[in-house]
Amino acid sequence: MVKRKTRITRPKGKLGILIPGLGAVATTFIAGIEAIRTQKKALPIGSLTQMGTIRLGKRTEKRMPLIKDFVPLASLDDLVFGGWDIQNESCYETARKSGVLEPEDLKRLRPRLEKIYPWKAVFSEEYVKRLKGNHVKKAKTKRQLALELIKDIKEFKKKNKLNRLVMIWCGSTEVFLKPSEVHSTLTNFEKGLEKNDPNISSSMIYAYAALSMGIPFANGAPNLSVDIPAMLELAKKNKVPICGKDFKTGQTLMKTIIAPGLKSRLIGLKGWFSTNLLGNRDGEVLDEPSSLKTKEESKLSVLDGILQPNLYPDLYRNYHHKVTINYYPPAGDKKEGWDNIDIVGWLGYPMQIKIDFLCRDSILAAPLCLDLVLFLDLAKRAGMHGIQEWLSFYFKSPQCSPSVYPEHDIFIQLMKLKNTLRHLKGEKLITHLGLEYYD
Ligand SMILES: NC(=O)c1ccc[n+]([C@@H]2O[C@H](COP(=O)([O-])OP(=O)(O)OC[C@H]3O[C@@H](n4cnc5c(N)ncnc54)[C@H](O)[C@@H]3O)[C@@H](O)[C@H]2O)c1
C-alpha cells in the first residue's frame, strides 16, 4: 500500500545554524561547508544527505535518486553559521589551533572563517571542570541567561535575514547528571531556572532557549540536555523536533558496524576491550572523572542493545565489556581506537579480532553535523516533532520513546532512516522480501 505524501513546506530562504561550542568539531564542520561551497575538489564525504542515494520501488524499476534530490533539503548555499564559545577567538583561530585541517587548506578559507566570532557563552565550570571561560555571560538567574541566548538568536536571525533556524550542541561533555525532580516537568524546570537549580546545566539552558523559540535541537554530546521529561514537554508544546545524544564516530561507529555482523552469524562473545587515545581538547575535558563518566556510560550502552543477551544467553550472557579513554596530547585530533574482541565459535572454540582504528575525530563528526541540521530542518518543515528516533543512525546513545529500547544496530538505523524518508514522500517502504522477482 502506498502511503499518502506528507506535506513538507519548501526550504525557502536562509537556514541559520546555531552552535553552542565552536571547537574542533564545529569549526571543521563550518570550514568544510565553506570549502565545499567554493572548491570543486572538496567533497562532502561521509554525508548521507549530500552523497547518499535511496532506492525507490522494486529493484527492477532502477529508481535510485540522490537523497538530496528526493526530499526537499536546504541547500548548502543557504546555510549561515553562528555560535557561542567561552573563548573569544574566530573560527579561523580555533580551527588553526585544533589542528584538524591542514594549514594550506585553512589558508584558503581564512577570510570567511575569520568573520565568525562566538557570542558570549552560558557556561559554568561546575559542569565542565577542566575549562576556564573568559567570554561568558553574567546574569543573576539561569532564566535570565536563557533570555540572553534568545536575544542573541533574534539578533542573528534579523541581521542575516534568516528564514529558519536549527541548533546543534557541539560544546564540551558536561559532568554526569541524573534526571531529577527539577527535570521532571516544564513547570519544575522553569522554577529551577529562576532558583538557579544546580541540576540545570549550561547545555540545558541552550536547549530551553531553542525549544522555547520553536528551534529544533540536536545534541552531539552525551549530556542530558534535551533528554529529560521537561524538554520533551516543551518540544511537544512548541512542536519542535529534537534528537541526541553523542555523535557516533570513531570506535563506537566501528562497534556498531561489527557487533551486528557477529550477531547475524550467531558468533558468541566473551569480551570486548576498547581503549582510546586522544589528545585534543575533548580528550582533555574527558580526562576529568565526572565528564568521563558521562562519556563512558554513553559508549558502554551500545553492545547490550545490539547483542540482546536476554534473547541469546548462551552467546552473550556475562561478556566482559570494558571501555577506557586516555588523554594523550601527542595524538592531537588523530584519535586511535584499539579493540580486542574475544569471540567464540562452533562448540565454544575461542577466536580473536583486533582492531586499530587510526581515525580523525572531527573529520568523522563534521558530516554528521551537516546531516543532522538538514534532516532536523526537514523534520520541522514536515510537521514532525518530539524525539526523532529515525536519526538514531548518528548517535551513540539514541534518544527514543521510554516505551522502547534504543536501536543501536547501524544497519537497522539506516533502514529506519531511509524508510522514514520514503514514508514522508508517500513511497512504498522497502521490506527486502523480494518474492515477486521469482513469480
Ligand atoms: N569528535 C567526535 O568525533 C565526537 C564524537 C562524539 C561526541 N563528540 C562531542 O562533541 C563535542 C565537541 O567535540 P570537540 O572535539 O569539538 O571538542 P572541543 O573541546 O574542541 O570543542 C568544544 C567547545 O565547546 C566549548 N564549550 C564548552 N562549554 C560551552 C558552553 N557552555 N557554551 C559554549 N561553548 C562551550 C569549548 O570552549 C570548546 O571550544 C564534545 O562534547 C565531544 O565529546 C565529539
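None of these values were measured; they are calculated from a predicted model.

Conventions adopted
Residues numbered from 1 in each chain as written. Predicted model: local features only at pLDDT ≥ 70, side-chain atom pairs only at ≥ 80, totals over all residues. Domains from an automatic or database assignment. Contact = placed C-beta atoms within 7 Å. Nonpolar A, V, L, I, M, F, W, Y, C, P; charged D, E, K, R; others polar. Helix = DSSP H or I, 4+ residues; strand = E, 2+ residues; numbered from the N terminus. Buried ≥ 20, exposed ≤ 12 C-beta atoms within 10 Å, placed from the backbone. Near = placed C-beta within 6 Å. Axes fitted to C-alpha atoms, helices over the stretch in contact; angles between N-to-C directions. Parallel < 35°, antiparallel > 145°, perpendicular 65-115°, else oblique.

The next point concerns the domain arrangement of the chain. You can read the domains of the chain as domain 1 (14-247 + 363-424) and domain 2 (251-358). Using C-alpha coordinates to define each centre, domain 1 is positioned 26 Å away from domain 2. On the side of domain 2, 27 residues touch domain 1, which itself brings 27 residues to the contact. Residue classes in the side of domain 1 that touches domain 2 are distributed as twelve nonpolar, eight polar and seven charged.

Let us look at unusual backbone geometry. Along the chain, Gly 244 connects to Lys 245 via a cis peptide bond; the corresponding omega equals -5°. Relative to the elements of secondary structure, Lys 245 occurs in the loop between strand S6 (241-243) and helix H10 (250-264). A positive phi angle is found at Asn 318, which is not glycine, with a value near 65°. Relative to the helices and strands, Asn 318 resides in the loop between helix H13 (313-316) and strand S8 (320-327). Judged by local crowding, Asn 318 falls into the exposed class, with 9 C-beta atoms found within 10 Å.

Around the ligand, 36 residues are found, and the nearest of them are Gly 21, Gly 23, Val 25, Ala 221 and Arg 281. For the shell around the ligand, the elements supplying multiple residues, two or more each, are helix H1 (24-38), strand S2 (79-85), helix H11 (281-286) and helix H14 (361-381). When residues of the shell around the ligand are assigned to their parent elements, the largest contribution, four residues, is made by H14.

We now examine the packing of helix H4 (residues 91-98) against helix H5 (residues 103-113). Where H4 meets H5, the axes come as close as 8 Å, and the angle between the chain directions of the two elements is 150°. The angle between H4 and H5 falls in the class roughly antiparallel. Mapping the contact onto sequence places Cys 91, Tyr 92, Ala 95 and Arg 96 in H4 and Leu 106, Arg 110 and Leu 113 in H5. Of the residues belonging to the contact of H4 with H5, the class tally is five nonpolar, no polar and two charged.

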